[in-house]
Number of protein chains: 2
Amino acid sequence: MKHNSNVPAFLTKLWTLVEDTDTNEFICWSQEGNSFLVLDEQRFAKEILPKFFKHNNMASFIRQLNMYGFRKVMHIDTGIVKQERDGPVEFQHPYFRQGQDDLLENIKRKVSNARPEDNKIRQEDLTKILASVQSVHSKQENIDARLATLKRSSGRTYMKRHNQMTGIVYRNISVFQRTTISWFLFLFLNRPILMNGNGKKPKFIHQIYDDKVCVEQVSKEWLLFTLCFSKVLFLSAALNKLEV
Amino acid sequence: MKHNSNVPAFLTKLWTLVEDTDTNEFICWSQEGNSFLVLDEQRFAKEILPKFFKHNNMASFIRQLNMYGFRKVMHIDTGIVKQERDGPVEFQHPYFRQGQDDLLENIKRKVSNARPEDNKIRQEDLTKILASVQSVHSKQENIDARLATLKRSSGRTYMKRHNQMTGIVYRNISVFQRTTISWFLFLFLNRPILMNGNGKKPKFIHQIYDDKVCVEQVSKEWLLFTLCFSKVLFLSAALNKLEV
DNA sequence: GGTTCTAGAACC
DNA sequence: GGTTCTAGAACC
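Residues numbered from 1 in each chain as written. Chains lettered and ligands numbered in written order. Predicted model: local features only at pLDDT ≥ 70, side-chain atom pairs only at ≥ 80, totals over all residues. Heavy atoms only, no water.

## Some details on the packing of helix 1 (residues 9-19) of chain A against helix 2 (residues 41-52) of chain A
All names here are of chain A. Here is the rule: Only the stretch in contact is used when a helix axis is fitted, and all axes are lines through C-alpha atoms; the angle between N-to-C directions ranges over 0 to 180 degrees. Each helix is a run of H or I in the DSSP string that is no shorter than four residues. Each strand is a run of E no shorter than two, and both are numbered from the N terminus. Angles below 35 degrees are treated as roughly parallel, those above 145 as roughly antiparallel, those between 65 and 115 as roughly perpendicular, and all remaining angles as oblique. Note: crossing handedness is left-handed where the near helix turns anticlockwise from the far helix by less than a right angle, and right-handed where it turns clockwise. Contacts are residue-level and defined by heavy atoms, with any inter-residue pair within 4.5 Å sufficient.
Close contact between helix 1 and helix 2 brings their axes to 10 Å; oriented N to C, the two are set at 130°. The angle between helix 1 and helix 2 places the two elements in the oblique class. Crossing hand, helix 1 versus helix 2: right-handed. From helix 1, Lys 13, Thr 16 and Leu 17 reach across to helix 2, where they touch Phe 44, Ile 48 and Phe 52.

## A short note on the pattern of salt bridges
For the record, the criterion: Throughout this description, the term salt bridge denotes a Lys or Arg side-chain nitrogen within 4 Å of a carboxyl oxygen of Asp or Glu. Burial classes follow relative accessibility: with a 1.4 Å probe on protein chains only, a residue under 20% of its type's maximum area counts as buried, one over 50% as exposed, and anything between as partly exposed.
Considering all chains together, one arrives at four salt bridges over all chains under this definition. Of the charged contacts, one joins Glu47(A) and Arg43(A) as a salt bridge, the two residues approaching to 2.9 Å between their closest N and O atoms. Of this pair, Glu47(A) and Arg43(A) both sit in helix 2, separated by four residues, roughly a single helical turn. Assessed through its relative accessible area of 36%, Glu47(A) is described here as partly exposed. Notably, a salt bridge pairs Asp86(A) with Lys46(B), separated by 3.1 Å at the nearest N-O pair. Pair noted here: Asp86(A) is in the loop between strand 5 (80-81) and strand 6 (89-92) and Lys46(B) is in helix 2 (residues 41-52), and the two residues belong to different chains. On the accessibility criterion, Asp86(A) (53% relative accessible area) is exposed.

## A few points about helix 1 (residues 9-19) of chain B
Every buried residue of helix 1 of chain B is listed here: Phe10(B), Leu11(B), Thr12(B), Leu14(B), Trp15(B), Leu17(B) and Val18(B). Of the surrounding secondary structure, the elements contacted by the buried residues of helix 1 of chain B are strand 1 (27-29), strand 2 (35-38), helix 2 and helix 3 (58-67) of chain B.

## Focus: the UniProt feature "domain: HSF-type DNA-binding" (unreviewed entry) in chain A
Test applied: UniProt positions are given in the numbering used here, feature names are shortened, and annotations may be inferred rather than shown by experiment.
Listed under "domain: HSF-type DNA-binding" (unreviewed entry) in the UniProt record, and renumbered for this structure, are residues 49-73 of chain A. Within the segment residues 49-73 of chain A, helix and strand shares are 56% and 8% respectively, and the terminal C-alpha atoms sit 20 Å apart.

## Observations regarding the confidence of the model for chain A
Residue and element names in this part refer to chain A. Test applied: One confidence number per residue, pLDDT, is output by the predictor and ranges from 0 to 100.
Taken residue by residue, chain A gives an average pLDDT of 74. The fraction at 70 or more is 54%. Model confidence for chain A, summarised as mean pLDDT per element, is weakest for strand 5 at 48 and strongest for helix 3 (residues 58-67) at 98. With pLDDT under 50 throughout, residues 114-119 is counted as low confidence; its partners more than four residues away or in other chains account for zero contacts. Residue range residues 193-197 is modelled with pLDDT below 50. Its contacts to residues more than four positions away, or to other chains, number 19 contacts.

In structure tokens, the structure reads:
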């Protein structure tokens with residue numbers, strides 16, 4: 001029987017123990033050879049265990065078995081678990097098989113460090129998660145504040161610009177309107193009446209109040225002027241409406 | 001021996017078992033009466049335990065002891081832990097004392113729910129935290145998206161308005177400017193030359209060139225007027241377009 | 001890695 | 001609440 005040097009002592013001892021025909025009245029392979037049986041637990045513990053291990057406690061032996069992944073084989077009779085009192089105890093491991101000692105190296109001891117590490121990792125993770133949550137939380141508050149600020153600022157900027165623009169429009173339209181109207185009125189009132197048709201010298205508006213020929217002509221001009229001027233007024237009104 | 005009804009069966013049975021002088025060769029009080037000893041573990045398990053409990057396993061008995069807070073008494077000799085092989089096993093509990101069965105009610109079974117509860121609470125907390133993190137995460141993405149949208153939207157709205165305003169200003173200024181200039185030119189060109197200085201009747205500009213120009217002059221007037229009027233129409237059209 | 005005491009978890 | 005199997009943890 002050649003054992004790989006990296007196979008733990010417990011496994012080689014157990015293999016020897018089960019394989020040894022001298023101890024078959026206490027511990028032996030099952031019929032299928034895929035598990036082993038402890039026939040007399042008490043005598044096995046007190047008489048056999050000390051020969052191979054540093055104790056004579058069945059509990060310690062079982063602890064080792066569990067540590068290496070062995071499982072107790074439950075005997076189910078008539079649908080319910082029926083563990084006959086003082087009957088044989090059976091343990092099994094996928095890589096613990098009769099005649100296949102080369103599988104033993106696949107049996108790994110459960111690292112006792114792993115579990116505490118897991119717990120520590122979980123604690124660390126919890127701490128990290130909590131820190132992360134707080135970080136995200138404060139960040140979110142920051143973003144929220146920025147959002148509110150931006151909203152207000154945006155509103156202000158918009159309104160500011162809006163008012164600027166509106167003011168410019170009002171002022172400019174108003175100025176040009178008045179300018180236009182002023183000039184128009186001024187020049188119109190001082191223009192000569194051209195369309196008297198008979199080639200006579202033109203007259204000024206004040207000169208033709210009594211000239212019946214020209215009255216019609218002046219009315220036409222006034223009509224056009226009023227039309228156009230009202231158009232301008234309408235336009236300005238429309239602009240005012242638009243701004244509001 | 002009067003026991004409080006809320007004292008678990010295990011404790012009353014254990015008390016009886018230890019107190020009973022008939023079983024003293026297997027289990028008895030220690031000399032100080034503050035602990036008890038199991039003298040022959042194997043025979044005790046197989047012969048005594050079944051009489052009181054539903055098993056004959058020392059391991060189950062010990063499990064119960066630990067469940068109720070009993071501790072194994074370690075025998076320290078010469079500075080090192082020296083557990084004599086097959087010697088008596090000793091267990092102790094502060095409220096398990098010879099002659100003081102009234103203390104038994106102070107012995108509490110470790111609630112098997114307590115530990116799992118702790119674990120469950122931790123698990124629940126973990127779940128809650130994870131849910132919270134995901135919630136915060138998605139919320140943050142939402143806020144981020146809104147922030148980006150707002151930024152773009154704000155830019156667009158501002159530019160749109162800006163362009164509107166600018167357009168209005170430019171167009172109106174332009175229109176009124178041209179209108180003004182047009183009317184001004186029109187009327188200026190048709191104003192009578194009043195200032196010829198010699199007291200003669202004033203002349204019109206066309207009379208300086210040609211007297212026949214009267215018809216042409218009418219055309220010019222109409223042209224200018226149409227130009228100006230179309231300008232006004234264009235402006236109103238532009239405004240209508242803006243409204244849409 | 002081995003041994004021991006105690007605890008967890010599932011099932012009853 | 002009791003019993004059983006398995007695992008954790010400390011110590012060696």
